[in-house]
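# Structural features, examined
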Amino acid sequence: MRLSQQLFVTLREDPADAEVRSHALMARAGFIQKIAAGIYVYGPMMWRVLRRVEQIVRDEHDKAGCQEMLMPAVQPRELWDESGRWERYVNDGILFHFRDRKGSEVCLGPTHEEVITNYVKRMVQSHKQLPVILYQIQTKFRDEIRPRFGLMRGREFIMKDAYSFDCTAEAMVESYQTMRTVYRNIFSRCGLRFTPVEADSGAIGGSGSEEFMVDADTGEDAIAVCRTTGYAANVEKAVSKIAPPPAPEAEVAMHKEPTPAAKSCDDLQKLFPDLPLERMLKTVLYKAVIGETEQVVAVMCRGDRELNEVKLLNHLDAVAIEMADEETVKRVTGAEVGFAGPIGLSDEVRLLADNSVEGVQGFLCGGNETDTHYLDVYFGRDLPQPETADFGTVKEGDLTVDGEGKIEITRGIEVGHIFQLGTKYSEAMSATYNDEAQKRQPIWMGCYGIGVSRVAASAIEQNHDENGMIWPLPIAPYAVHLVQMKAGNEEQDALAQEIQDTLEAEGIDVLWDDRKKVAPGAKFKDADLIGIPLRIVVGRDAGERQVEWSVRGVDAPRENLSAEDAIARVRAAVKESGR
RNA sequence: CGGGGCGUAGCGCAGCCUGGUAGCGCAUCUGCUUUGGGAGCAGAGGGUCGUUGGUUCGAAUCCAAUCGCCCCGACCA
């Protein structure tokens, strides 16, 4: 493909609204163009990348026996009322919804559990038709609270979603395992470094769940990993083992301590320099919406630890939780904010404790009285230990639960998420099959998503340098960038043409920069920016059939090779990459 | 939702405080020269200053409303 015939525009400066490198680079290279917040045009180069990713996704699904299909983006409210999600998605403000000409409410699909369950329900009657896994690649719509980071969090994005349907829980787990393998294969084939992690299933619901994280320091998600044991989990879900602090030297009776204006652990440390943070227990107040009612919940936690709201939300089976406001804190503690504690709280408060309080003796806690804390408090002696569970956030350096290794915190970009849904949707929407005994049984479901456009963005987030993008060969817009120094020079024209034709005849795609009147420096800058991995430069030695070979992002000297050798290098690289 | 910031040529910005009819860099167009890391010279085109209303003899500039975009926060007592 001759670059001179393409609509190709690059910008020298980053666009003002680009916060992350992938966004800035793709915008500068003309891969994407913003048309509204979180909504982008995919230019021809970008579309080639997206099609490459899609093709890998498709291929791996088909190999595993999944069937591709396509569902509508416009969906009627009734379907969403059946699953009970309309209300919730509208309240969360995430659903694009409107009324049609007749006044019926419809939405643009943010996901397709309802449609697929409805489809399968009407298609499947017998256990003989199961198992089956269906998938589609399609544009999804989510009116994100805060679209961000270019393609990373858009309001319209390309997603592959798959759904498995099985007769039993065991069979569902089998389908889930199949998809785990499919996902590993997909991200490996895309040429990405990634980490599969245990995950919270969030709004979709269900039991087992795993996320696929592209390793990148700029990722939105923090993940806990252990090199020794191989443990890996999203910090929302991660568990660890922490040792209780040593007991105080002498056991003394609980007593009040004046703590004027000491509202935080920091302040308290200044007042009690000899008391370790581990022996200060903070009490955090939340307002939780559980079903139709709102409840105030107090959670105790060690001073050196942080709470994990996701775990708390799950434990409470709450729809939403938030930190209690000042007024609520004053009402239930009878004190200014900063002095909440477990002793003397209002009866309306449900008291919980994080595992980190386990075994802490002679601790300091809030006095539920302004400028007052209790010191030398013991669970069992001075008050019963509240209901204790894991509400904490793991920290770098924690031990894994089996005590075998240390946890490190790294960052990643979530590009895939797989769930065991169970019968949540099938029961809500009466998707059943007849078993051998002619009995109606709910279908066991799983769902599996990949953010196709996010995969592309994360590839750049993971692979770029100060000059531009560095595409992994399997998903690069072209395999080879043929840079011709002086278009119009007969020897160069002939050699470049020959190289392009040879490679294209072998099914290898070539971007040939044959632009006239573009300075060599500009061509190199553009080549660096768009990041096609394999580069052949046809220049002054074209008469001797000599070209220059380099690989984008590889720190090695440029090599002078014969055209034939360069072509052989391309063949080898393409073959190795599986492109 | 709350808080802050910004809308001026395709892109990046100045001008606004202190009203007087718009400027810089990149990009674009023409010509000549140049051709291995964003070339030089000469010339040229392109903007209802987001929108609406108000104040004023006069508004990019002041006021109000509105739309859009960006950032920060959902801060642990």
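Residues numbered from 1 in each chain as written. Chains lettered and ligands numbered in written order. Predicted model: local features only at pLDDT ≥ 70, side-chain atom pairs only at ≥ 80, totals over all residues. Heavy atoms only, no water.

## So, the overall build of chain A
Counting its secondary structure elements, chain A contains 14 helices and 31 strands. Taken along the three principal axes of its C-alpha coordinates, chain A extends 95 × 65 × 50 Å. Residues classed as buried in chain A amount to 52% of the 579 residues present. Partitioning the contacts of chain A with sequence separation of at least 6, the portion at a separation of at least 24 is 70%. Averaging the positions of the 68 positive and the 94 negative side-chain charges in chain A gives two centres separated by 5 Å. (Helix = DSSP H or I, 4+ residues; strand = E, 2+ residues; numbered from the N terminus. Buried < 20%, exposed > 50% of the residue type's maximum accessible area, 1.4 Å probe, protein only. Contact = heavy atoms within 4.5 Å. Lys, Arg positive; Asp, Glu negative; His and termini not counted. Charge placed at Lys NZ, Arg CZ, Asp CG, Glu CD.)

## What to know about the pattern of salt bridges
Tallied over the full model, the rule gives 46 salt bridges. A salt bridge links R227 to E408, with the shortest nitrogen-to-oxygen separation between them at 2.7 Å. Remark: E408 occurs in strand β21 (residues 408-422) and R227 occurs in the loop between β11 (221-225) and β12 (232-234); sequence separation between them is 181 residues. Exposure remark for R227: the relative accessible area of 72% places this residue in the exposed category. Since its relative accessible area comes to 23%, E408 is described here as partly exposed. D513 serves as the salt-bridge partner of R515, at 2.9 Å between the closest nitrogen and oxygen. Looking at D513, the relative accessible area reads 0%, which means it is buried. Members of the salt-bridge network, linked through shared partners, are R48, R52, D509 and R579. (Salt bridge = Lys/Arg side-chain N within 4 Å of Asp/Glu carboxyl O.)

## Some points on the protein's contact with RNA strand B
Taken together, 44 residues are adjacent to RNA strand B, and R146, K282, G338, D528 and E548 come closest. The sugar-phosphate backbone supplies 59% of the atoms of RNA strand B found within 4 Å of the protein. Take E13: an N or O atom from its side chain is 3.2 Å from a base nitrogen of RNA strand B. A distance of 3.3 Å is found between a phosphate oxygen of RNA strand B and a backbone nitrogen or oxygen belonging to A16. (Near = heavy atom within 4 Å. Polar contact = N/O pair within 3.5 Å; in protein donor to acceptor, adjacent residues only side chain to side chain.)

## Topic: the nonpolar core
F31, Y183, F187 and W471 are the most contacted members of the largest nonpolar core, which has 57 residues in total. In terms of residue count, the dominant contributor to this core is helix α2 (residues 44-63) (7 residues). Each of domain 1 (44-71 + 111-238 + 410-460) and domain 3 (478-577) accounts for three or more of the residues forming this core. Contact partners of F31, with chain neighbours within four places excluded, come to M26, V41, Y42, G43, M45, M46, V49, M469, W471, P477 and I530. (Core = buried A, V, L, I, M, F, W, Y, C linked by side-chain atoms within 4.5 Å. Domains from an automatic or database assignment.)

## Considerations on the sheet that holds strand β15 (residues 293-302)
In space, the 5 strands of this open sheet follow the order β16-β14-β15-β17-β20, with mixed pairing throughout. Edge positions in the sheet fall to β16 (320-323) and β20 (387-389), since each has one partner strand and no second. For this sheet the average axis-to-axis angle between neighbouring strands, irrespective of direction, equals 35°. Pairing between strand β14 (residues 281-290) and β15: 10 bridges, direction antiparallel. Bridge pairing in β15 links A288 to Q295. Against the sheet, helix α8 (residues 309-316) makes contact with β14, β15, β16, β17 (350-354) and β20, and its axis sits at roughly 130° relative to β16, the strand it touches most. Across the sheet, helix α9 (residues 326-333) touches β14 and β15, and the angle it forms with β14 is around 115°. (Pairing = 2+ DSSP bridges. Axes fitted to C-alpha atoms, helices over the stretch in contact; angles between N-to-C directions.)

## Brief notes about the packing of aromatic side chains
Throughout the structure, instances matching the rule amount to 7 aromatic pairs. Look at Y183 and F187: their rings are 6.0 Å apart centre to centre, the planes differ by 85°, and that puts the pair in the edge-to-face class. Of this pair, Y183 and F187 both sit in helix α6 (residues 169-189), 4 residues apart, which is roughly one turn of that helix. For the pair Y183 and F187, a shared accessibility class is recorded, and that class is buried. Consider the rings of F363 and F379, whose centres lie 4.9 Å apart with planes at 50°: the pair is tilted. Highlighted residues: F363 in strand β18 (residues 363-366) and F379 in the loop between β19 (372-377) and β20, separated in sequence by 16 residues. A relative accessible area of 15% means that F379 is categorised as buried. (Phe/Tyr/Trp six-rings, centres within 6.5 Å; stacked < 30°, edge-to-face > 60°.)

## Looking at the sheet that holds strand β4 (residues 74-76)
In spatial order, the strands read β4-β6-β5; together these 3 strands make up an open sheet with antiparallel pairing. The outermost strands of the open sheet, each flanked by one partner alone, are β4 and β5 (96-99). Taken over all neighbouring pairs, the strand axes of this sheet differ in orientation by 35° on average, direction set aside. Pairing of β4 with strand β6 (residues 105-108), which is carried by 3 bridges, proceeds in the antiparallel orientation. If you follow P76 over to β6, its bridge partner there is V106.

## Quick notes on the packing of α2 against α6
One can describe the packing of α2 onto α6 by two numbers: an axis separation of 9 Å at closest approach and a directional angle of 150°. Here α6 runs roughly antiparallel to α2, going by the angle between their axes. In the crossing of α2 with α6, the sense of the turn from one axis to the other is right-handed. Contact with α2, carried on its side by I56, V57, D59, E60, H61 and K63, involves M179, V182, Y183, N185, I186 and R189 of α6 and no other residues of that element. Residues belonging to the contact of α2 with α6 are distributed by class as follows: 6 nonpolar, 2 polar and 4 charged. (Parallel < 35°, antiparallel > 145°, perpendicular 65-115°, else oblique. Left-handed = near helix turned anticlockwise from the far one by under 90°. Nonpolar A, V, L, I, M, F, W, Y, C, P; charged D, E, K, R; others polar.)

## Observations concerning a negative patch on the surface
On the surface, E490, E491, D541 and E544 cluster together into a negatively charged patch. If you trace the backbone, D541 turns up in the loop between β29 (534-538) and β30 (546-551). (Patch = residues over 30% accessible without salt bridge, like charges linked within 9 Å, V, L, I, M, F, W, Y side chains within 5 Å. Areas by Shrake-Rupley, 256 points an atom, 1.4 Å probe, with all protein chains shown as cover.)

## Observations regarding the packing of helix α1 (residues 21-28) against helix α11 (residues 452-462)
Taken N-terminus to C-terminus, the directions of α1 and α11 make an angle of 105°; their axes are 8 Å apart at the nearest point. With respect to each other, α1 and α11 are oriented roughly perpendicular. Judged by residue contacts, R21, S22, L25 and M26 of α1 engage A457, I460 and E461 from α11. Each residue belonging to the contact of α1 with α11 can be placed in one class, and the counts come to 4 nonpolar, 1 polar and 2 charged.

## Details of the domain arrangement of chain A
When its domains are assigned, chain A resolves into domain 1 (44-71 + 111-238 + 410-460), domain 2 (255-389) and domain 3 (478-577). Counting residues at the interface gives 5 residues for domain 1 and 4 residues for domain 2. Summed over both partners, the interface of domain 1 with domain 2 buries about 310 Å², with 37% contributed by carbon and sulfur atoms. Summed over the three residues of domain 1 that lose the most area to domain 2, namely D200, E236 and A238, the buried surface amounts to 87% of that side. For the pair domain 1 and domain 2, the number of links is 0 salt bridges. Summed over the shared surface of domain 1 and domain 2, the number is 3 residue pairs in polar contact (both at pLDDT 80 or more). Taken together, the residues of the side of domain 1 that touches domain 2 break down into 2 nonpolar, no polar and 3 charged. (Buried area = accessible area lost by both parts, 1.4 Å probe.)

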